[in-house]
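Coordinate analysis (summary)
Listed below, chain by chain, are the residues.
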Amino acid sequence: TVMAANTEKTFKFVVVGGGIAGVTCAEQLASQFPSADVALLTAAPLIKAVCNFKQVSKTLEEFDVEERPSSVLEEKYPNLRVIQSAVKALHAQQHTLQTVDGLEIHYEKLCICSGGRPKLLTQDNPYVLGIRDTDSAQEFQKRLSKARRIVVVGNGGIALELVYEVEGCEVIWAVKDKAIGNTFFDAGAAQFLIPSLDTDKPERAATCKRARYTIEGRGLEEPGSALGPDWHEGISLRGAEEVSSWPVYAQLTNGKTFGCDFIVSATGVVPNTEPFLQGNSFALAEDSGLKVDDHMMTSEPDVYAAGDVCTAGWEPSHLWQQMRLWTQARQMGWYAGRCMAADVLSETIELDFCFELFSHITKFFNYKVVLLGKFNGQGLGLNQELLVRCTKGHEYVKVVLSGGRMLGAVLIGETDLEETFENLILNQMDLTPYGEELLNPNIDIEDYFD
Ligand code: FAD
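Residues numbered from 1 in each chain as written. Predicted model: local features only at pLDDT ≥ 70, side-chain atom pairs only at ≥ 80, totals over all residues. Heavy atoms only, no water.

1. Overview of the packing of aromatic side chains
Applicable threshold: Any two of the Phe, Tyr and Trp rings considered here, Trp counted by its six-membered ring, make a pair once their centres fall within 6.5 Å; the pair's planes then place it as stacked at under 30 degrees, edge-to-face at over 60, or tilted in between. Only DSSP runs of H or I with at least four residues qualify as helices, and only runs of E with at least two residues qualify as strands; both kinds are numbered from the N terminus onward. Relative accessibility under 20% of the residue-type maximum defines a buried residue, over 50% an exposed one, and the middle range a partly exposed one, all with a 1.4 Å probe and only protein chains included.
Scanning the model with the defined rule gives 14 aromatic pairs in all. Residues phenylalanine 184 and phenylalanine 364 carry aromatic rings whose centres are separated by 5.1 Å and whose planes lie at 55° to one another, so their mutual orientation is tilted. Remark: phenylalanine 364 occurs in strand E21 (residues 359-364) and phenylalanine 184 occurs in the loop between strand E12 (169-175) and helix H6 (187-193); sequence separation between them is 180 residues. You'll find phenylalanine 184 and phenylalanine 364 in the same group, each marked buried. By the ring-pair criterion, three or more aromatic residues cluster together here, those being Trp314, Trp320, Tyr335 and Phe355.

Printed below as a string of structure tokens:
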């Protein structure tokens with residue numbers, strides 16, 4: 001019938017999600033198969049594009065993320081259709097998707113890149129915000145302009161960025177770990193970064209910036225995490241005198257209660273899997289992501305997944321771990337596209353080199369930050385040795401060694417060590433003979449290992 005013709009569409013490749021993973025995957029497929037029909041299905045009107053891509057070293061890559069109208073993609077790839085309509089159901093056996101607008105889409109190969117959404121402390125509370133996309137960021141800005149005090153909950157990259165960026169409003173930062181930025185840093189790096197919170201930021205006059213830190217548990221008494229006067233100030237915060245009325249109160253497990261205008265929940269993401277699960281039998285990981293194998297394949301035939309929605313289910317290299325970041329969304333999207341292509345062409349493909357070594361380059365508190373391998377000694381337990389070099393306000397360098405080999409590093413500031421350390425980690429050379437000389441600032445380490 002005419003109805004069916006309008007609402008049913010068939011594509012060789014269908015990618016769901018207009019984020020970095022989905023866009024990269026769709027571009028990869030559209031360029032590798034110029035005569036195949038590729039569809040990118042997405043709920044949002046804008047897509048995310050990678051720009052200013054720079055390969056900094058073997059594994060380190062740097063790029064910016066921009067939101068663009070989807071027409072940009074269709075102009076670049078004539079065989080790529082962007083359909084703005086959210087997926088409501090998947091019938092994996094039949095190889096079809098249904099969208100909220102009543103479209104039925106058939107695919108030969110599907111890649112799910114639907115990302116994640118903020119894990120909220122409580123659902124449906126108007127005073128609890130999660131930040132995820134431009135909409136929620138705008139909502140945040142609007143609310144912030146009228147706020148006197150906010151409570152930020154969480155200790156990952158988003159929380160770190162927030163407490164540094166927010167101005168003109170008091171910030172109570174509730175952190176459950178011993179040190180700030182626990183996802184990325186240890187106590188030493190945190191200590192290095194904390195003074196930046198009270199320093200005027202470059203190029204902008206900090207009007208009124210009072211960040212306070214609150215920690216639960218006994219963290220502060222432990223040696224090695226004496227984090228300076230700011231932290232102590234944090235634990236003896238008001239609390240009881242909070243009798244004036246606020247729109248919302250946050251009660252922390254240390255017994256303190258803080259009133260505030262709103263709470264920002266920045267405690268990680270939950271993979272957006274719901275529309276795809278019903279009626280199918282996807283293997284899910286503990287973090288509820290779609291489990292994928294070393295070909296980015298889910299447990300359903302012809303269904304792949306990449307980016308924040310998926311969880312790496314393969315036996316990872318001992319120097320790599322999954323973290324839900326732009327870099328990995330791009331790498332996974334790109335590799336998933338190549339795996340789908342290889343599958344169609346009956347070619348074999350090996351796990352990409354980018355999954356050999358975890359590497360991430362970013363900025364925190366206006367410092368360049370490079371993270372390599374097991375930068376926080378992840379999974380090493382007591383079987384690790386740390387070397388640290390720190391110059392206040394200038395740089396922080398930490399190396400994680402195990403059995404004399406370098407397994408990870410944190411480089412904050414303009415250290416210029418990333419390439420050398422990346423090589424030392426990749427080649428797993430025995431560094432025992434060098435001892436602490438490895439971080440001696442008077443030795444040009446690059447010459448040393450040439
Ligand atoms: P997403 O970017 O979440 O894209 C998912 C896409 O799927 C969206 O287009 C959405 O509309 C679409 N979608 C969802 N459900 C459906 C459906 N049912 N039907 C159709 N379409 C659907 N990482 C960094 O490396 N550096 C940073 O500085 C950084 N800052 C961040 C700041 C914030 C506030 C947040 C929330 C995250 C940040 N991250 C950062 C993490 C990074 O954004 C994510 O890891 C990355 O964007 C994941 O990409 P993705 O393509 O998997 O998912």
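And the narrative resumes.
2. Examining helix H11 (residues 418-427)
So the rule is basically this: The contact rule is simple, with two residues in contact once any of their heavy atoms fall within 4.5 Å.
Turning to H11, its buried residues are Glu418, Thr420, Phe421, Glu422, Leu424 and Ile425. The inward-facing, buried residues of H11 abut strand E22 (367-373), strand E24 (395-402), strand E25 (405-412) and helix H12 (445-448). Glutamine 428 sits one or two positions beyond H11 and adopts a positive phi of about 50°.

3. A few points about the pattern of salt bridges
Opposite charge on two side chains allows them to pair when their charged atoms are near. Note the following rule: Here, a salt bridge means any Lys or Arg side-chain nitrogen found within 4 Å of an Asp or Glu carboxyl oxygen.
Tallying each qualifying case throughout the model produces 17 salt bridges. Of the charged contacts in the structure, one is a salt bridge between arginine 389 and glutamate 395, with a shortest N-O distance of 2.8 Å. Since its relative accessible area comes to 7%, glutamate 395 is described here as buried. One salt-bridge network, in which partners are shared between bridges, spans Lys109, Asp302 and Asp343.

4. Details of a negative patch on the surface
Counted only if it meets this: Exposure above 30% relative accessible area and the absence of a salt bridge qualify a residue for a patch, where like charges join within 9 Å and nonpolar side chains (Val, Leu, Ile, Met, Phe, Trp, Tyr) within 5 Å. Surface exposure here means Shrake-Rupley accessible area, sampled with a 1.4 Å probe, where a residue is shielded only by the protein chains that are shown. Asp and Glu are treated as the negative residues and Lys and Arg as the positive ones, with His and the ends of the chain left uncounted. One atom stands in for each charge, and that atom is NZ of Lys, CZ of Arg, CG of Asp or CD of Glu.
Negative charge collects at one region of the surface, where Glu414, Asp416, Glu419, Asp444, Glu446 and Asp447 lie side by side. Relative to the assigned elements, glutamate 446 resides in helix H12.

5. Some remarks on the domain arrangement of the chain
Often, the extent of an interface is quoted as the loss of accessible area on bringing the components together. Defined as follows: Where a domain begins and ends is set by an automatic assignment or by a domain database. Computed with a 1.4 Å rolling probe, the buried area is the accessible surface lost when two parts are put together, summed over both parts.
Taken domain by domain, the chain consists of domain 1 (8-115 + 272-355), domain 2 (118-202 + 222-268) and domain 3 (366-448). Put simply, the middle of domain 1 and the middle of domain 3, counted by C-alpha atoms, are 34 Å apart. With eleven residues of domain 1 in contact, the opposing surface of domain 3 contributes 14 residues. Taken together, both faces of the contact between domain 1 and domain 3 bury some 990 Å²; the carbon and sulfur share is 61%. Considering only the side of domain 1, the residues that lose the most area to domain 3 are Leu60, Leu319 and Gln321, jointly responsible for 49% of the buried surface there.

6. Considering the nonpolar core
Spelled out, the test is: For our purposes a nonpolar core is just a set of buried Ala, Val, Leu, Ile, Met, Phe, Trp, Tyr and Cys residues, chained together by side-chain atoms within 4.5 Å.
Membership of the largest hydrophobic core comes to 102 residues, with the highest contact counts inside it found for Leu97, Ile112, Ile150, Phe185, Met296 and Ile412. The biggest single contributor to this core is helix H10 (residues 326-344), with eight residues. Setting aside anything within four residues of it in sequence, one finds isoleucine 112 in contact with Val16, Leu90, Phe276, Phe282, Leu290, Val303, Tyr304, Ala305, Ala306 and Val309. Judged by nonpolar contacts, the second largest core, of 25 residues, contains Val370, Leu372, Val397 and Val399.

7. Thoughts on the sheet that holds E25
To keep it simple, the criterion reads: Strands pair, by our definition, only if DSSP identifies at least two bridges between them. For helices, the fitted axis covers only the stretch in contact; all axes are lines through C-alpha atoms, and the angles between them, taken along N-to-C directions, range from 0 to 180 degrees.
Spatial ordering of the open sheet is given by E21-E22-E25-E24-E23, a layout of five strands whose pairing is antiparallel. Each edge of the open sheet is held by one strand with a lone partner, namely E21 and strand E23 (385-391). On average, adjacent strands in this sheet sit at an angle of 15° to one another, irrespective of strand direction. Here six bridges tie E21 to E22, and the two strands are oriented antiparallel to one another. Looking at E22, one finds that lysine 363 is bridged to lysine 368.

8. Structural notes on the confidence of the model for the chain
Fine structural detail should not be taken from predicted coordinates in areas where pLDDT scores are low. Note the following rule: Per-residue confidence from the predictor is reported as pLDDT, a score between 0 and 100.
Looking at the chain, pLDDT values average 87 and 89% of them are 70 or higher. Scored below 50 in pLDDT, residues 204-211 makes 19 contacts in the model with residues more than four places away or belonging to other chains. Contacts from residues 213-242, a stretch scored under 50 in pLDDT, to residues over four places away or in other chains number 59 contacts. Reported confidences for the modelled complex are a pTM of 0.88 and an ipTM of 0.99.

9. Overview of the environment of proline 34
Mapped onto the secondary structure, proline 34 falls in the loop between helix H2 (20-32) and strand E2 (38-42). Between the C-alpha atom of proline 34 and that of glycine 313, which follows or precedes it by 279 residues, the distance is 31 Å.

10. Re the site of the ligand
Note the following rule: Here, proximity means that at least one heavy atom of the residue falls within 4 Å of the molecule or strand. In protein, a polar contact requires one atom able to donate a hydrogen and another able to accept it; more generally it is a pair of N or O atoms within 3.5 Å, and residues adjacent in sequence count only if both atoms are side-chain atoms. The classification used treats Ala, Val, Leu, Ile, Met, Phe, Trp, Tyr, Cys and Pro as nonpolar, Asp, Glu, Lys and Arg as charged, and all other residues, Gly among them, as polar.
In the neighbourhood of the ligand, 28 residues make up the surrounding shell, with Ala21, Val87, Arg132, Asp308 and Trp326 lying closest. Measuring from an oxygen atom of the ligand, one finds a backbone N or O atom of glycine 18 at 3.0 Å. In the model, an oxygen atom of the ligand is placed 3.1 Å from a nitrogen or oxygen of the arginine 324 main chain. Computed on the free molecule, the ligand has an accessible area of 1,000 Å², of which 85% lies beneath the protein chains in the complex. At the level of elements, H2, E2 and H10 are the ones that each hand at least two residues to the shell around the ligand. Split into classes, the residues belonging to the shell around the ligand amount to 15 nonpolar, nine polar and four charged. A domain split of the shell around the ligand shows at least three residues from each of domain 1 (8-115 + 272-355) and domain 2 (118-202 + 222-268).

11. Brief notes about the UniProt feature "domain: FAD/NAD(P)-binding" (unreviewed entry) in the chain
Cut-off, in case you're wondering: UniProt positions are given in the numbering used here, feature names are shortened, and annotations may be inferred rather than shown by experiment.
UniProt tags residues 12-165 and 250-333 as "domain: FAD/NAD(P)-binding" (unreviewed entry). Between the C-alpha atoms that bound residues 12-165 there is a distance of 44 Å. The span itself is 26% helix and 41% strand. Secondary structure content for residues 250-333 is 14% helix and 26% strand, while the C-alpha to C-alpha distance between its ends is 39 Å.

12. Some details on the state of the cysteines
Here is the rule: The disulfide definition used here is simple: a pair of cysteine sulfur atoms within 2.5 Å.
Using the criterion set out here, one finds zero disulfides in the structure. You can see cysteine 113 has no disulfide; the closest cysteine sulfur is in cysteine 111, sitting 3.6 Å from it. For cysteine 113, a relative accessible area of 6% gives the class buried. In this structure cysteine 260 is not part of a disulfide, and its nearest cysteine sulfur, from cysteine 169, lies 9.1 Å away.

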